[in-house]
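# Chains, contacts and geometry: an overview
The primary structure of each chain is shown beneath.
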Amino acid sequence: MRDALDNPFSPGSDTIPDVWAGRTEQLSDWRDVVRPRRLAGLPERGRTVLGEPGLGKSALVRRIAQQASRAGDWVTPQLRIPAGADPLKLVAEAVLALAADAGLSTSREKRIGDAIARVQAVALSGVSLTLRGADGREPYAALTELLVEVGVAAIAEGDVVAVIHIDEVQNITDEKALSQLLIALGDALTHEVEVTVPGDARVARSLPIAVYLTGLPDFEDMAGARKGATFARRFKTTTLSAIDDDDLAEALQEFVLEGWEVPDGAGGTARVRMDRDAAALIVDLCRGEPFLFQLAGEQAWYAGGTPTITAAQVRQGWRGAQREATAHVERILERLPARERQLLQVMAELPAAERTATRIAEAMGFAKVTEVGPTAQRLDTVRGIIDRGKPYTFRHRAVEAYLSSDWPRV
Ligand SMILES: Nc1ncnc2c1ncn2[C@@H]1O[C@H](COP(=O)(O)OP(=O)(O)OP(=O)(O)O)[C@@H](O)[C@H]1O
Ligand SMILES: [Mg+2]
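Here is what the cut-offs are and how they apply
- Residues numbered from 1 in each chain as written.
- Chains lettered and ligands numbered in written order.
- Predicted model: local features only at pLDDT ≥ 70, side-chain atom pairs only at ≥ 80, totals over all residues.
- Heavy atoms only, no water.
- Domains from an automatic or database assignment.
- Contact = heavy atoms within 4.5 Å.
- Buried area = accessible area lost by both parts, 1.4 Å probe.
- Pairing = 2+ DSSP bridges.
- Helix = DSSP H or I, 4+ residues; strand = E, 2+ residues; numbered from the N terminus.
- Axes fitted to C-alpha atoms, helices over the stretch in contact; angles between N-to-C directions.
- Near = heavy atom within 4 Å.
- Polar contact = N/O pair within 3.5 Å; in protein donor to acceptor, adjacent residues only side chain to side chain.
- Areas by Shrake-Rupley, 256 points an atom, 1.4 Å probe, with all protein chains shown as cover.
- Buried < 20%, exposed > 50% of the residue type's maximum accessible area, 1.4 Å probe, protein only.
- Lys, Arg positive; Asp, Glu negative; His and termini not counted.
- Salt bridge = Lys/Arg side-chain N within 4 Å of Asp/Glu carboxyl O.
- Expected span 1.5 Å × (residues − 1).
- pLDDT = per-residue confidence, 0-100.
- Parallel < 35°, antiparallel > 145°, perpendicular 65-115°, else oblique.
- Left-handed = near helix turned anticlockwise from the far one by under 90°.
- Nonpolar A, V, L, I, M, F, W, Y, C, P; charged D, E, K, R; others polar.
- Phe/Tyr/Trp six-rings, centres within 6.5 Å; stacked < 30°, edge-to-face > 60°.

The assigned domain composition of the protein chain is domain 1 (24–239), domain 2 (245–332) and domain 3 (336–404). Taking only C-alpha atoms into account, the centre of domain 2 sits 32 Å from that of domain 3. Across the contact, nine residues belong to domain 2 and seven residues belong to domain 3. Taken together, the two surfaces of domain 2 and domain 3 that pack against each other cover about 760 Å², and 62% of this comes from carbon and sulfur. Considering only the surface of domain 2 that becomes buried against domain 3, R287, V329 and I332 emerge as the three largest contributors, covering 65% of it.

Two modes of strand pairing occur in sheets, parallel and antiparallel, and in both the strands are linked by backbone hydrogen bonds. Spatial strand order, β9-β10-β11: three strands in an open sheet with mixed pairing. With partners counted over all chains shown, the strands left at the sheet margins are β9 (260–263) and β11 (308–309), one partner each. Summarising the sheet, β9 and strand β10 (residues 269–274) pair through four bridges and their orientation is antiparallel. Residue pairing across strands places W260 opposite V272, the latter belonging to β10. With respect to the sheet, helix α9 (residues 245–257) is in contact with β9 and β10, its orientation differing from that of β10 by roughly 120°.

In the vicinity of ligand 1, 24 residues are found, and the nearest of them are S10, G12, K57, S58 and A59. The separation between a nitrogen atom of ligand 1 and a polar side-chain atom of Q294 is 2.8 Å. Coverage of ligand 1 by the protein amounts to 92% of the 620 Å² it exposes when considered alone. Of all the secondary structure elements, the ones that give two or more residues to the shell around ligand 1 are α2 (57–70) and α11 (290–302).

Further remarks concern the side chain of E289. Mapped onto the fold, E289 is located in the loop between α10 (276–286) and α11. Within the buried set, E289 has no salt-bridge partner at all; the shortest N-O distance to an opposite charge, 7.1 Å, is to R23. Here H396 takes part through its side chain, which lies 3.3 Å from a polar atom of the side chain of E289. In this structure, E289 is in contact with P53, L55, H328, I332, H396 and A398, ignoring residues within four places of it in sequence.

Moving on: the pattern of salt bridges. One pass over the structure, following the stated rule, counts 26 salt bridges. In this structure, E168 engages R80 in a salt bridge whose closest nitrogen and oxygen atoms are separated by 3.1 Å. Taken together, the positions of E168 in the loop between β4 (162–167) and α7 (175–190) and R80 in strand β3 (residues 79–80) put the pair 88 residues apart, joining distant regions of the chain. A relative accessible area of 42% places R80 in the partly exposed class.

Mapping D32 onto the fold places it in helix α1 (residues 24–39). With 30 residues separating them in the primary sequence, D32 and R62 have C-alpha atoms 17 Å apart. For D32, the side chain forms a polar contact with the side chain of R31, separated by 3.5 Å.

Below, the discussion takes up α1. Between its first and last C-alpha, α1 extends 21 Å over 16 residues, near the 22 Å set by a 1.5 Å rise per residue. Of all the residues in α1, the buried ones are Q26, L27, D29, W30, V34, R35 and R38. Looking one or two residues beyond α1, the residue adopting positive phi is G41, at roughly 80°.

Averaged over all residues, the pLDDT of the protein chain is 90; the fraction at 70 or higher stands at 96%. Within the protein chain, helix α5 (residues 129–135) has the poorest average pLDDT of any element, 53, and α10 the best, 97.

Let us now look at the packing of helix α13 (residues 338–349) against helix α16 (residues 397–404). Running from N to C, α13 and α16 point in directions that differ by 70°, and their axes come no closer than 9 Å. On the basis of their axis angle, the class for α13 and α16 is roughly perpendicular. Handedness of the α13/α16 crossing: right-handed. On α16, the residues touching L344, Q345 and A348 of α13 are V399, L403 and S404. Looking at the contact of α13 with α16 residue by residue, the class counts come to four nonpolar, two polar and no charged.

With that settled, the discussion passes to the packing of aromatic side chains. Going through the model one piece at a time under the given rule, you end up with six aromatic pairs. With 5.5 Å between their ring centres and 15° between their planes, F9 and F255 make a pair best called stacked. Of this pair, F9 sits in the segment before α1 while F255 sits in helix α9, placing them 246 residues apart in sequence. Accessibility assignment for this pair places F9 and F255 in one class, buried. When the centroid spacing of 6.3 Å and the interplanar angle of 50° are considered together, the rings of W318 and W407 count as tilted. You can see W318 sitting in helix α12 (residues 311–335) and its partner W407 sitting in the segment after α16, a full 89 residues away along the chain. Pairwise contacts between aromatic rings join F9, F255, W260, F293 and W301 into one cluster.

This is the structure we're talking about:
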């Protein structure tokens with residue numbers, strides 16, 4: 001009991017953790033808005049989920065994709081874009097796989113065969129111009145065409161949505177590739193086909209296709225500013241921030257009440273419980289960071305072999321995790337431009353009640369308050385690290401704790 005094989009916490013990235021907390025708004029957005037609306041043929045924008053490292057963007061959309069897949073939807077795997085890679089190749093491959101799910105690869109219709117062949121060419125050569133030379137058409141058009149065929153097949157199948165998840169979108173640094181990709185996906189999302197409804201009337205409907213893009217907030221600058229209004233109209237952006245303490249506490253409630261079920265090594269099961277104050281301590285230590293939540297839980301799990309996890313074990317485990325917790329926050333801060341980092345530093349040093357634009361401007365050595373504006377705005381709307389209320393507050397509570405206290409030391 002309580003070893004590497006039965007530990008339910010998973011601080012690694014790109015997993016769907018067994019101990020899941022919160023994000024109910026985003027999960028219900030899929031369940032109650034995106035899926036039903038796209039199934040009903042109603043227009044609904046794609047979703048862009050952005051946030052600082054470790055906030056659970058990939059895990060969230062993987063969970064959505066898992067739920068979709070269990071409901072019978074056609075789902076691409078999480079397509080991670082490596083830095084500098086040609087995203088069209090990856091997406092073309094994924095769309096071909098969707099087409100196979102949709103049974104299109106065996107279709108005898110010439111139109112569909114041609115569409116597949118064109119996307120196969122994109123999968124080979126990506127955005128490169130050679131392709132355009134061939135039939136004069138841009139790669140995005142081929143992708144859109146096949147996506148539309150997939151959508152039409154999904155309508156015929158009934159109660160099926162095709163879900164596309166592209167991760168690490170901030171790595172798409174080639175402007176041309178980004179633009180092709182966003183247009184291909186956006187065109188498929190807004191595409192309408194005519195269907196016959198009872199009474200033989202013909203009506204236009206959208207396709208049952210859903211697109212999720214995930215990545216670092218920097219993507220917003222690339223897509224938002226340059227691609228402008230078209231992108232914003234076709235995709236709805238959510239910036240994730242810390243998970244509420246209540247949600248984290250709820251996630252640990254199963255340990256506190258019934259205990260977490262694990263194999264007992266003799267063919268049966270046993271339960272690992274957690275003292276109420278141990279659970280509260282994990283919630284307090286991780287400051288709403290899902291990664292640190294998993295880390296604290298994992299280390300507490302390993303800190304003893306008793307059937308109940310105690311607060312002392314949580315503390316002991318965390319001591320071993322402190323360096324990693326520090327590194328996590330430092331990684332976030334290091335990515336920020338100097339100005340933004342400076343603002344956070346200055347803000348953290350002021351007493352909470354005095355974190356106003358005026359005081360922050362003063363401390364940063366600005367002559368005018370308005371000079372804080374653009375930096376504060378980015379930290380708020382683009383990154384979700386602060387909230388520009390009166391006074392300013394931190395939404396990223398681990399950053400706040402690191403800059404203004406001894407945290408992560410216990
Ligand atoms: N809702 C959640 N409840 C509990 N743990 C979570 C939740 N979401 C993510 N995690 C955990 O947080 C960690 C980070 O998650 P994930 O890799 O999805 O973050 P990310 O935002 O994609 O990070 P990156 O920017 O580095 O790709 C993982 O260990 C994951 O298990
Ligand atoms: Mg990720």
